[in-house]
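# Examination of the molecular architecture
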Amino acid sequence: MNIMHQQPPLAGIRVLEFAGLAPGPFAGMLLADYGATVLRLDRAPIQPSGDQLTRRKTSICVNMKSPAGLALIKKLITQVDVVIDPFRPGVLEKAGLSPEGVLLKLNPRLIIGRMTGFRRDGKYSMMAGHDINYIAVSGVLSMFGRKGERPYPPGNVVGDFAGGGAMCFMGILLAFIAREKTGFGQVVEANMVDGSAILATMPRLGTKTAVWKEERGTNMLDGGAPFYQTYETKDGKYMAVGAIEPQFYAALLKGLNLKPSDLPGNRDVRADWDRLTQFFASVFKTKTRSEWESIFDGTDACCTPVFTQAELEAQGFDQRPAVTLKSTPALAIHEGNDDRPAAVGQGIGVEGSGWDSKILEPGTGGEELVGRWMGWSKGRQYDVENGGLVLKDMAKI
């Protein structure tokens with residue numbers, strides 16, 4: 001059997017994603033990558049969207065404050081499998097869409113993924129925040145930074161995407177497993193404080209051992225060790241070194257054309273780490289990155305180039321789904337032909353190949369999808385008022 005002809009695992013799953021920023025749309029995009037059909041619900045009056053996490057999604061606009069708009073949402077709820085709620089606590093309840101009080105009563109099989117930054121039961125629950133705030137109060141931000149310097153935020157990868165959107169995605173999948181056993185959906189509550197904290201389990205536990213107990217930036221994996229470090233090359237680029245084990249360290253020295261006796265210290269003596277780091281830095285600056293690549297490619301020195309995103313795009317690096325399912329592959333991201341290995345994903349991919357994404361303007365493509373889901377047509381079951389869809393003749397529907 002041609003595995004590329006088997007459907008992705010979430011084919012047939014319907015997702016209603018309330019428009020939001022970063023983690024909610026990311027969870028929706030991951031569901032879409034694995035075959036779910038995702039409809040983004042934007043608010044009317046229409047506001048411009050900056051959301052780029054729109055792969056394979058469509059959109060409708062609805063005025064949640066309009067009784068007829070709210071009625072339309074409730075009708076949709078009866079026919080979907082997943083709702084993604086990206087709002088601060090209380091927003092859906094205030095709108096008359098309480099997950100447990102309304103939505104699950106309308107559709108007991110519904111899975112409601114609720115994504116917040118702070119914990120819903122913590123002292124910060126009603127405060128505004130961003131990734132940097134969520135990982136700050138989780139303790140994770142305190143672990144990023146060089147010795148003697150202030151903590152620095154690692155972009156918004158740890159909170160928004162890893163601890164937020166990806167954890168919400170995982171929770172939704174777990175709820176699907178539970179639904180297979182019980183027949184019922186449930187509310188999935190994800191937050192970036194707990195999500196980022198669980199991602200930092202190893203370093204947190206390591207603070208009680210020699211692995212991570214020292215000052216920030218002086219431990220083995222946070223920039224302190226000379227054998228787990230980045231080094232600038234002659235041409236201003238960088239190589240990444242991860243030669244932790246002795247055999248890998250020996251391969252590193254061989255590639256650098258060094259003997260242990262050439263070194264100004266012992267890798268196993270923490271007091272020597274700064275001297276060794278400075279020494280290796282001077283060695284790496286003697287050659288360009290491409291020259292070091294030709295030396296270390298194919299070796300076990302754990303020494304690789306640090307590529308920029310622009311370099312990878314220029315090289316034609318193929319963006320792939322997060323994990324490979326050999327029998328039921330995800331949908332492809334990188335544009336190409338339809339007959340490709342499972343690791344790449346099935347289908348022809350998307351415009352932009354994961355390097356560029358067109359903004360999904362509110363209201364684009366969603367009415368056609370609503371027609372397929374609900375059997376509705378404009379002017380019969382619904383109308384458009386002030387840019388938003390409204391249920392028509394509510395008493396008859």
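Refer to the structure above for everything that follows.
One structure accompanies this document, and this report is about it. Position numbers for residues start from 1 in each chain and track the written sequence from start to end. Thresholds applied to this predicted model are a pLDDT of at least 70 for local features of residues and 80 or more for the giving and counting of side-chain atom pairs; totals over whole chains, interfaces and linings are not thresholded and use all residues. For side-chain calculations, the full set of non-hydrogen atoms in the structure is used, while hydrogens and water are omitted.

With that settled, consider the packing of helix H9 (residues 246–255) against helix H11 (residues 289–296). Whenever a helix is involved, its axis is fitted only over the stretch in contact; in every case the axis is a line through C-alpha atoms, and angles between N-to-C directions fall within 0 to 180 degrees. The helix and strand labels rest on DSSP assignments: H or I over at least four residues marks a helix, E over at least two residues marks a strand, and numbering proceeds from the N terminus. Taken N-terminus to C-terminus, the directions of H9 and H11 make an angle of 125 degrees; their axes are 10 Å apart at the nearest point. As far as their axial angle goes, H11 and H9 are oblique. The crossing of H9 and H11 is right-handed. Mapping the contact onto sequence places Ala251, Leu252 and Gly255 in H9 and Trp292, Ile295 and Phe296 in H11. Residues are grouped as follows: nonpolar covers Ala, Val, Leu, Ile, Met, Phe, Trp, Tyr, Cys and Pro; charged covers Asp, Glu, Lys and Arg; every other residue, Gly included, is treated as polar. Taken together, the residues of the contact of H9 with H11 break down into five nonpolar, one polar and no charged. Roughly parallel here means an angle under 35 degrees, roughly antiparallel means over 145, roughly perpendicular means 65 to 115, and every remaining angle is called oblique. Left-handed describes a crossing in which the near helix is turned anticlockwise from the far one by less than a right angle; the clockwise case is right-handed. In what follows, residue pairs with any heavy atoms lying within 4.5 Å of each other are defined as contacts.

With that settled, consider the environment of Asn107. Along the polypeptide, Asn107 turns up in the loop between helix H4 (99–106) and strand E5 (111–116). Along the primary structure Asn107 and Arg55 are separated by 52 residues, whereas in three dimensions their C-alpha atoms are 27 Å apart. Setting aside anything within four residues of it in sequence, one finds Asn107 in contact with Ile77, Thr78, Gln79 and Val80. Throughout this description, a polar contact denotes any pair of N or O atoms lying within 3.5 Å of each other; where both atoms belong to protein, one of them has to be capable of donating a hydrogen while the other can accept it, and for residues adjacent in sequence the pair is counted only when both atoms sit in side chains. Here Ile77 takes part through its backbone oxygen, which lies 2.9 Å from a polar atom of the side chain of Asn107.

Attention now moves to the sheet that holds strand E8 (residues 238–242). In short, DSSP must find at least two bridges between two strands for them to pair. Sheet architecture is open: three strands sit in the order E7-E8-E9, paired in antiparallel fashion. Bordering the open sheet on either side are strand E7 (228–232) and strand E9 (303–305), each of which pairs with just one other strand. Taken pair by pair, the neighbouring strands of this sheet meet at an average axis angle of 25 degrees, ignoring direction. Sheet analysis places E8 next to E9, joined by three bridges and oriented antiparallel. In the strand pairing of E9, Ala240 is matched with Thr304.

The next point concerns the pattern of salt bridges. By salt bridge we mean one thing: a side-chain nitrogen of Lys or Arg within 4 Å of a carboxyl oxygen of Asp or Glu. What the rule picks out here adds up to 21 salt bridges. Salt-bridge contacts for Arg289 lead to Glu293; the nearest nitrogen and oxygen are separated by 3.5 Å. One end of the pair, Arg289, and the other, Glu293, are both in helix H11, four residues apart, so they sit about a helical turn from each other. This pair shows no difference in class: Arg289 is buried, exactly as Glu293 is. Connected through salt bridges with shared partners, the residues Asp85, Glu93, Arg114, Arg120 and Glu189 form a single ionic network. Only protein chains enter the accessibility calculation, which uses a 1.4 Å probe; a residue whose area is less than 20% of its type maximum is buried, one above 50% is exposed, and one in between is partly exposed.

What follows concerns helix H6 (residues 157–182). The axis of H6 is deflected most strongly, by about 30 degrees, at Met167. The positive-phi residue at the C-terminal boundary of H6 is Gly183, with phi of around 85 degrees. Working definition for bend: take the seven residues up to and ending at a residue and the seven starting at it, fit an axis to each, and measure the angle between the axes.

Right, let's get into the layout of surface pockets. A pocket here means an open set of points on a 1 Å grid, computed over the protein atoms alone, that has protein on both sides within 12 Å along at least five of seven lines. A cavity is instead a set of points where a 1.4 Å probe fits but cannot get out; residues with an atom within 4 Å of a point line either one. Grid points are joined across faces, edges and corners, and a volume is the space filled by probe spheres set on the points. In this structure, the largest pocket spans a volume of roughly 920 Å³. Lining the largest pocket we find 28 residues, and of these Met29, Gln52, Leu53, Arg55 and Gly354 sit closest to its centre. Contributions of two or more residues to the lining of the largest pocket are made by helix H1 (23–33) and H6.

Before going further, it helps to examine the nonpolar core. Within the largest apolar cluster, 31 residues are counted, with the highest numbers of intra-cluster contacts made by Phe18 and Leu72. Put simply, the parts of the chain that give this core at least two residues each are strand E1 (14–18), strand E2 (37–43), strand E3 (58–62), helix H2 (67–77), H4, helix H13 (366–374) and strand E11 (388–391). If one sorts the elements of this core by residue count, H2 sits on top with six residues. Residues Ala27, Ala36, Phe169 and Met192 belong to the second largest nonpolar core, which totals 29 residues. Residue types Ala, Val, Leu, Ile, Met, Phe, Trp, Tyr and Cys, when buried and joined through side-chain atoms within 4.5 Å, form a set referred to as a nonpolar core.

Now for the pairing of E2. In terms of burial, E2 is a largely internal element, five of the seven residues being buried. Of the pairings in the sheet, the one linking E1 to E2 comprises five bridges and is parallel in character. Each residue of the ladder has a partner; that of Glu17, found in E2, is Arg40. Sheet topology note: the E2/E3 ladder contains five bridges and is parallel. Of the residues in E3, the one forming a bridge with Asp42 is Cys61.

A word on the packing of H6 against helix H7 (residues 192–199). Helix-helix packing: each pair is described by the crossing angle between the helix axes and the interaxial distance. Running from amino to carboxyl end, H6 crosses H7 at an angle of 100 degrees, the nearest separation of the two axes being 8 Å. On the basis of the axis angle, H6 is roughly perpendicular to H7. Residues Val158, Gly159, Asp160, Ala162, Gly163, Gly164 and Met167 of H6 form the contact with H7, whose own contacting residues are Met192, Gly195, Ser196, Ile198 and Leu199. Its residues assigned to classes, the contact of H6 with H7 shows six nonpolar, five polar and one charged.

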